Amino acid sequence: MMNKQPGEAPAAVHAHGLTVRRGTGRTPRTVIDDIAFDVPRGRITGLLGPSGCGKSTLLRAIVGTQAHVTGTLDVLGRPAGHPDLRSRIGYVTQAPSVYDDLTVRQNLDYFAAILDPGRTAAARRAEAVDRALTDVDLTGRAGALAGNLSGGQRSRVSLAVALLGTPELLVLDEPTVGLDPVLRRDLWNLFHDLTATRGATILVSSHVMDEAERCHDLLLMRDGRILAQDTPDALRTRTHSATVEEGFLRLVDRANTLAAQEQPR
Ligand SMILES: Nc1ncnc2c1ncn2[C@@H]1O[C@H](COP(=O)(O)OP(=O)(O)O)[C@@H](O)[C@H]1O
Ligand SMILES: [Mg+2]
């Protein structure tokens, strides 16, 4: 399932025997169950699966904010959570944190200062802010209060924050939820630009299967397990399906059949 081609560049993320438990007290649950996968560099990998399957937990493990992670999890050649990775990864959480009472530019100035406290000259920080604003096409709204923005514009502010340090790896947790189709398309175009022009690696989660078609590679997840790692084309071909969604459902049916056969009587 997780075939690695010989001579391939080292993966941006490499996981093996990865398990995550969540919940406190006497009943911690295994939320990620002994998974293995690779996220190739310079490409867009979609992490797809229904709500509750463990996408956010996995992304948190990758960016190093998740407790009770066991197994191998290497990110950009370092163990996940290594301090050196902090400036090399941009992370947008599922509930983006933007300060409504600050303008777009003030939000970015604030996060730029946190990212690099006192080390970079103010002029350099301002440059980084300008570039991030341009990246997400919000230069014209830089002076607007974040609280007055549309949902799509707010998402783009969060994305701009993640882009401030020109990260090698962008981890985006359901960035297109609640966006209208035009904004969703614009955001996907931006993701493609970032990989094509900067060589950035993007790992983006979604529970909307039609977004899978826009990714270079897919990680299909269900119940804390990886059902498949494939390109959209290969997945459709392999499952004799017209769409990734149909292919995903076929794999789910197959997994259920196998599980039923393995049930002790
Ligand atoms: N803070 C938490 N404590 C215990 N269990 C949690 C916590 N957050 C999420 N979970 C559980 O972990 C599982 C995976 O959740 P999550 O990673 O958020 O899935 P997804 O992002 O795919 O919707 C779910 O069953 C959820 O109930
Ligand atoms: Mg989630």
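Residues numbered from 1 in each chain as written. Chains lettered and ligands numbered in written order. Predicted model: local features only at pLDDT ≥ 70, side-chain atom pairs only at ≥ 80, totals over all residues. Heavy atoms only, no water.

## Details of the overall build of the protein chain
Across its full length, the protein chain carries seven helices and 10 strands. In terms of overall dimensions, the protein chain is globule-like: its C-alpha atoms have a radius of gyration of 19 Å, near the 18 Å expected for 265 residues. Dimensions along the principal axes, computed over C-alpha positions, put the protein chain at roughly 65 × 40 × 40 Å. Across the 265 residues of the protein chain, 45% fall into the buried class. For the protein chain, contacts bridging at least 24 residues in sequence account for 67% of all contacts bridging at least 6. Accessible surface, the protein chain: about 13500 Å² in total, of which carbon and sulfur atoms supply 49%. Each charge class in the protein chain was averaged separately, 31 positive and 31 negative side chains, and the resulting centres sit 4 Å apart. (Helix = DSSP H or I, 4+ residues; strand = E, 2+ residues; numbered from the N terminus. Rg over C-alpha atoms; globule rule 2.2 N^0.38 Å. Buried < 20%, exposed > 50% of the residue type's maximum accessible area, 1.4 Å probe, protein only. Contact = heavy atoms within 4.5 Å. Areas by Shrake-Rupley, 256 points an atom, 1.4 Å probe, with all protein chains shown as cover. Lys, Arg positive; Asp, Glu negative; His and termini not counted. Charge placed at Lys NZ, Arg CZ, Asp CG, Glu CD.)

## Details of the coordination of the magnesium ion (ligand 2)
Coordination of the magnesium ion (ligand 2) by the protein comes from Ser56 (OG) and Gln94 (OE1), over a distance range of 2.0 to 2.3 Å. Within this pair, whereas Ser56 is found in helix H1 (residues 55–63), its partner Gln94 is found in the loop between strand E6 (89–92) and helix H2 (104–115), the two being separated by 38 residues in sequence. (Donors = N, O, S within 2.8 Å, 3.2 Å for Na, K, Ca; no water.)

## A few points about the layout of surface pockets
Put simply, the largest pocket is a space of about 670 Å³. Only E6, H2 and helix H4 (151–163) provide two or more residues apiece to the lining of the largest pocket. It is E6 that contributes the most residues to the lining of the largest pocket, four residues altogether. Residues belonging to the lining of the largest pocket are distributed by class as follows: 14 nonpolar, 10 polar and one charged. (1 Å grid on protein atoms, 1.4 Å probe; cavity = no way out; pocket = protein on both sides within 12 Å on 5 of 7 lines; lining within 4 Å. Points joined across faces, edges and corners; volume = space filled by probe spheres on them. Nonpolar A, V, L, I, M, F, W, Y, C, P; charged D, E, K, R; others polar.)

## Concerning the packing of aromatic side chains
Across all of its chains, the model carries four aromatic pairs by this definition. Ring geometry for Tyr110 versus Phe111: centroids 5.2 Å apart, planes at 75°, classification edge-to-face. When the centroid spacing of 5.3 Å and the interplanar angle of 75° are considered together, the rings of Trp188 and Phe191 count as edge-to-face. Residue Trp188 and its partner Phe191 are both found in helix H5 (residues 181–198); the two are separated by three residues, about one turn of the helix. Of the two residues examined, Trp188 and Phe191, each falls in the buried class. Feature note: the residues Tyr99, Tyr110 and Phe111 constitute an aromatic cluster, connected by ring pairs. (Phe/Tyr/Trp six-rings, centres within 6.5 Å; stacked < 30°, edge-to-face > 60°.)

## Things to note about the site of ligand 1
Neighbouring ligand 1 are the residues Arg22, Gly23, Arg29, Val31, Pro50, Ser51, Gly52, Cys53, Gly54, Lys55, Ser56 and Thr57. Between an oxygen atom of ligand 1 and a main-chain N or O atom of Gly54, the distance comes to 3.1 Å. For ligand 1, an oxygen atom lies 2.5 Å from a polar atom in the side chain of Thr57. For ligand 1, whose free accessible area comes to 570 Å², the fraction covered by protein is 64%. The element best represented in the shell around ligand 1 is H1, accounting for three residues. (Near = heavy atom within 4 Å. Polar contact = N/O pair within 3.5 Å; in protein donor to acceptor, adjacent residues only side chain to side chain.)

Keep in mind these numbers describe shape, not what the thing actually does.
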